[in-house]
Amino acid sequence: MSVPATVAERWLAAAAAAYGGLIAEHAATWRDPFRNPIGHTLRRNLAALVREFFGAMDEASIDAAFAEIMALRSIQDLSVERAVGFVFTLRDIAREQAPQMQGVDADGRIDRLALSAFRQYLACRERLAELKLNEQLRAIGVARRRAAHSRGAPA
Amino acid sequence: MADKPAIDIELKAPKGDWRDARVEFRKGTFSNASPPKDLVHLGLPNPRKWQPTDLDWQLPPDWKRILLEGMKDRLARYRSFRLFMDVCVRCGACADKCHFYLGSGDPKNMPFARAELIRSVYRRYFTLSGRLFGSLAGARELTEDVVKEWFYYFYQCTECRRCSIYCPFGIDTAEITMIVRELLSLIGVSTHWITEPAGNCYRVGNHLGIAPHAFKDSLEFARDELRDITGLDIEIPINRKGAEVLFVMPSADYFATPHYYTLLGYMMLFHEIGLDFTVSAYASEGGNFGLFHSNDLMKRLNAKIYAEAKRLGVKWILGGECGHMWRVLHQYMDTMNGPADFLEMPVSPVTGTRFENAASTKMVHVCEFTADLLYHGKIKLDPSRNDEYVVTYHDSCNPARGMGLLEEPRYVLRRACNHFHEMPAKTIREYTFCCGSGAGLGNDENMEMRLRGGFPRANAVRHVREEHGVNLLACICAIDKATLPTLMDYWVPGVQVAGVHELLGNALVMTGEKQRATNLRGEPLAKEEVHA
Ligand code: SF4
Ligand code: SF4
């Protein structure tokens, strides 16, 4: 197994550990994204993040991967420390698996990953209020449409 | 489809002791309690002010006796309940089938584990081994913590029945949930989002408590909008005695969006075929939140449908797009409030088709009715009017698993739209993933739990969005129409939600209509209309 693949493997194990072993169980037994959507989402996006960690550190790709991971973790029974904290486990894993990274600022890269994770976590939390508001507006959608109609405005 | 696994992780058993009943009521993961006025309106026991986060739930002093007697009574009355308590062999076939488990990873959301929460109490009080050997025989004392745990987890089950499809013994955890909720209601433990609409329904006829004149105003507004869109005067008769058909719909169809566009679609269709129908200002709600509370409440709320059919002297009943409404109509109405021997076997006045499947209830689903019209070539569609949409179809749990309505909505959609793609096979039809907000869970305060439960469904939508560019999720359930847009906005932005009859209404070519400039949402059509 290549170094990035091993790092991804270890990292996934650390991320899954936040679920008290249960999601780890999913990831081990289920390969199908429709039977184990949490495991699949973690696996797919952590692999992409490891590619960036060893590669170009493209900000858009990193944000996109964390957006998916944090969409899940921000609404599950995880404190913010647990939801985001797994990112830092990459430090030891990378040190152990890729000592040849010396010369590359691995710590700096991990800090950038953590920052993205935290930003995405907050963005997800903020979206919840907007979702509730929009749902409430749709619940009175006909009254709003009537009001707009009587004003002659498009609904 | 499944990608290559990056890793293998050792199998571990869930941590902690499943018998530990303590739950943490975290904001965002539970529904608010029923306030006293709800229970007073419905004549239900133990009205008081409380919330699940309170330490003291102010249960009646003899709450334990009430629950155990309630269990005893139901074990005697419902053979299914007794069987479901006895026969689970913990084979695990249902373990990974619940959307709440798949979205949360919480082991108590595995269906057999959810059922175990009451099964353990059943063993303790109703079996010899449980009485003698206690926890060694998987038995548990009934404590206040257990009551709280029941509330937490049985209001985390959307009664969707997906697990039952996989159980070799046909154990239906949804029915277990229904019974536990009913037991909880005996001691005044229920949720506001269920009892408030139920109370409104009981007193006024619909969930929001919309009075008859406001109901009429809404339908008049629909008539105005239909005139703008089609140039035709499309009347919506209310309380018209002697009509052939009573049409019953969920009330969201006339107060919420996107439901309302489905209402426009039905009315265009009925006008085009000249259906002799009426709606009722009293049976102005097909939905029945009693289903999520107790058998008795469901029966009381349902009674108005046959009562109105009788009062108005119709021959049969047609029902709109709704999920749980159909679960009640299809599975329970006949037994609860039938026989409807004052009605006739439903026969389509246009095609002559006898709906023998509805011979007993006398009530036909609008998708069956429309599919039959299309099958006989009685209506003309221009699917290009829906060309802006790349459509997939969400089988709402109740019509799909509760009544087997799998083909008819698809039959309509494939004719009304040029671009239609199915989600993966194990996520649709009888295997459909729930929206995660049904059975009274679709409220604001429970948003995080809903997003967990809806994740497997959204994940499958996302798949067809990536593969085919899907931008519209069609469905035939009022709760779906209220909650799937939220789910999509969170998990799969860019996917809208619509009813099947909204798309039908867009495509329906009507006699004498003006050239259409917009779809039913008032949005400009993607292409110029070629015919008038
Ligand atoms: S009925 Fe649905 S929500 Fe309830 S346990 Fe089964 S799969 Fe889960
Ligand atoms: S599939 Fe049926 S028998 Fe097997 S664990 Fe689930 S409920 Fe029990």
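Rules behind the numbers
- Residues numbered from 1 in each chain as written.
- Chains lettered and ligands numbered in written order.
- Predicted model: local features only at pLDDT ≥ 70, side-chain atom pairs only at ≥ 80, totals over all residues.
- Heavy atoms only, no water.
- Helix = DSSP H or I, 4+ residues; strand = E, 2+ residues; numbered from the N terminus.
- Rg over C-alpha atoms; globule rule 2.2 N^0.38 Å.
- Buried < 20%, exposed > 50% of the residue type's maximum accessible area, 1.4 Å probe, protein only.
- Contact = heavy atoms within 4.5 Å.
- Areas by Shrake-Rupley, 256 points an atom, 1.4 Å probe, with all protein chains shown as cover.
- Lys, Arg positive; Asp, Glu negative; His and termini not counted.
- Charge placed at Lys NZ, Arg CZ, Asp CG, Glu CD.
- Pairing = 2+ DSSP bridges.
- Right-handed = clockwise from strand over helix to strand, strands pointing away.
- Salt bridge = Lys/Arg side-chain N within 4 Å of Asp/Glu carboxyl O.
- Near = heavy atom within 4 Å.
- Nonpolar A, V, L, I, M, F, W, Y, C, P; charged D, E, K, R; others polar.
- Domains from an automatic or database assignment.
- Buried area = accessible area lost by both parts, 1.4 Å probe.
- Axes fitted to C-alpha atoms, helices over the stretch in contact; angles between N-to-C directions.
- Parallel < 35°, antiparallel > 145°, perpendicular 65-115°, else oblique.
- Left-handed = near helix turned anticlockwise from the far one by under 90°.
- Phe/Tyr/Trp six-rings, centres within 6.5 Å; stacked < 30°, edge-to-face > 60°.
- Lys NZ or Arg CZ within 6 Å of the ring centre and 35° of its normal.

*Asks:* Help me understand the overall build of chain B in this model?
*Replies:* In terms of regular secondary structure, chain B is built from 20 helices and nine strands. Here the C-alpha radius of gyration of chain B, 24 Å, is about what a compact globule of 532 residues would show, namely 24 Å. Along the three orthogonal principal directions, the C-alpha set of chain B runs to about 80 × 60 × 40 Å. The 532 residues of chain B split such that 63% are buried. Pairs at least 24 residues apart make up 76% of the contacts formed inside chain B by residues separated by at least 6 positions. Surface exposure of chain B reaches about 18700 Å², of which carbon and sulfur atoms provide 52%. One finds the centroid of the 64 positive side-chain charges in chain B at a distance of 5 Å from the centroid of its 66 negative side-chain charges.

*Asks:* How do you make sense of the pairing of strand S8 (residues 496–499) of chain B when you look at a structure like this?
*Replies:* Sheet faces and side chains relate simply in a regular strand, where the side chains alternate between the two faces. Residues and elements named next belong to chain B. Pairing of strand S7 (residues 472–475) with S8 involves four bridges; the strand directions are parallel. Note that in S8 the partner of Ala 474 across the bridge is Ala 498. The parallel pair S7 and S8, bridged by helix H19 (residues 478–491), forms a crossover whose chirality is right-handed.

*Asks:* Whenever I open this one, the pairing of strand S1 (residues 245–248) of chain B confuses me. Can you help?
*Replies:* All names here are of chain B. Residues of S1 alternate between two faces, with Val 245 and Phe 247 on one and Leu 246 and Val 248 on the opposite face, all of them buried. Relative to strand S2 (residues 277–278), S1 runs parallel, the two sharing two bridges. Within the sheet, the bridge partner assigned to Val 245 lies in S2 and is Phe 277. Between S1 and its parallel partner S2, the chain crosses via helix H12 (residues 259–273), and the hand of that crossover is right-handed. Where S1 meets strand S3 (residues 316–319), four bridges bridge the pair, whose relative direction is parallel. Considered in S3, the bridge of Phe 247 is made with Leu 318.

*Asks:* For this particular structure, what's the right way to read the pattern of salt bridges?
*Replies:* Here the idea is simple: oppositely charged side chains can pair when their charged atoms come close. The tally for this structure, following the rule as stated, stands at 51 salt bridges over all chains. With a shortest N-O distance of 4.0 Å, Arg 223 of chain B and Glu 220 of chain B are connected by a salt bridge. With Arg 223 of chain B and Glu 220 of chain B both in helix H11 (residues 212–230), this residue pair falls three residues apart, about one helical turn. For Arg 223 of chain B, a relative accessible area of 18% corresponds to the buried category. Three or more residues are tied together by salt bridges with common partners; here these are Arg 91, Asp 92, Arg 95, Asp 107 and Asp 111 of chain A.

*Asks:* Help me understand the site of ligand 2, please; the structure alone is not making it clear to me.
*Replies:* In the region of ligand 2, the neighbouring residues are Cys 88, Val 89, Arg 90, Cys 91, Gly 92, Ala 93, Cys 94, Phe 112, Cys 167, Pro 168, Phe 169 and Ile 171 of chain B. Along the lines of polarity and charge, the residues of the shell around ligand 2 split into ten nonpolar, one polar and one charged.

*Asks:* I keep staring at the domain arrangement of chain B and nothing clicks. Help me out?
*Replies:* By a widely used convention, the size of an interface equals the accessible area lost when the partners come together. Residue and element names in this part refer to chain B. Here chain B is described as being made up of domain 1 (36–190) and domain 2 (199–531). Between the C-alpha centres of domain 1 and domain 2 the distance comes to 32 Å. Contact between domain 1 and domain 2 buries roughly 2600 Å² in total, counting both sides, with carbon and sulfur atoms accounting for 61%. One can count zero salt bridges joining domain 1 with domain 2. Secondary-structure elements contributing two or more residues to the side of domain 1 that touches domain 2 are helix H1 (36–42), helix H4 (99–104), helix H8 (162–166) and helix H9 (173–186). Of the residues belonging to the side of domain 1 that touches domain 2, the class tally is 13 nonpolar, eight polar and six charged.

*Asks:* Can you walk me through the site of ligand 1 in this structure?
*Replies:* Residue and element names in this part refer to chain B. In the region of ligand 1, the neighbouring residues are Cys 98, His 99, Pro 111, Arg 114, Cys 157, Thr 158, Glu 159, Cys 160, Arg 161, Cys 163, Thr 173 and Ala 174. At the level of secondary structure, the elements contributing two or more residues to the shell around ligand 1 comprise helix H5 (111–126) and H9. Classifying every residue of the shell around ligand 1 by side-chain character gives six nonpolar, three polar and three charged.

*Asks:* How should the packing of helix H10 (residues 192–203) of chain B against helix H13 (residues 295–312) of chain B be read in this particular structure?
*Replies:* All names here are of chain B. Running from N to C, H10 and H13 point in directions that differ by 40°, and their axes come no closer than 9 Å. In terms of orientation, H10 and H13 fall into the oblique class. For the pair H10 and H13, the crossing hand works out as left-handed. Counting all contacts with H10, which are made through Ala 198, Cys 201 and Tyr 202, the residues of H13 involved are Leu 297, Arg 300, Leu 301 and Lys 304.

*Asks:* It is not clear to me how the packing of aromatic side chains should be interpreted in this structure. Could you clarify?
*Replies:* Where two aromatic rings form a pair, the distance of their centres and the angle of their planes describe that pair. Per the counting criterion, the structure on display carries 27 aromatic pairs over all chains. Plain terms: the ring middles of Phe 53 of chain A and Phe 54 of chain A are 5.2 Å apart, the flat faces sit at 75° to each other, and that makes the pair edge-to-face. Of the residues examined, Phe 53 of chain A reaches a relative accessible area of 0% and is grouped as buried. Judged by centre distance (4.9 Å) and plane angle (70°), the ring pair of Phe 247 of chain B and Tyr 266 of chain B falls under edge-to-face. Of this pair, Phe 247 of chain B sits in strand S1 while Tyr 266 of chain B sits in helix H12, and the two are 19 residues apart along the sequence. With relative accessibility at 2%, the residue Phe 247 of chain B sits in the buried group. Taken together, the aromatic side chains of Phe 25, Phe 30, Trp 50, Trp 57, Phe 151, Tyr 152, Tyr 153 and Tyr 155 of chain B make up a single cluster linked through ring pairs. Looking at Arg 300 of chain B, its charged tip hangs above the ring of Tyr 202 of chain B, at a distance of 4.5 Å from the centre.

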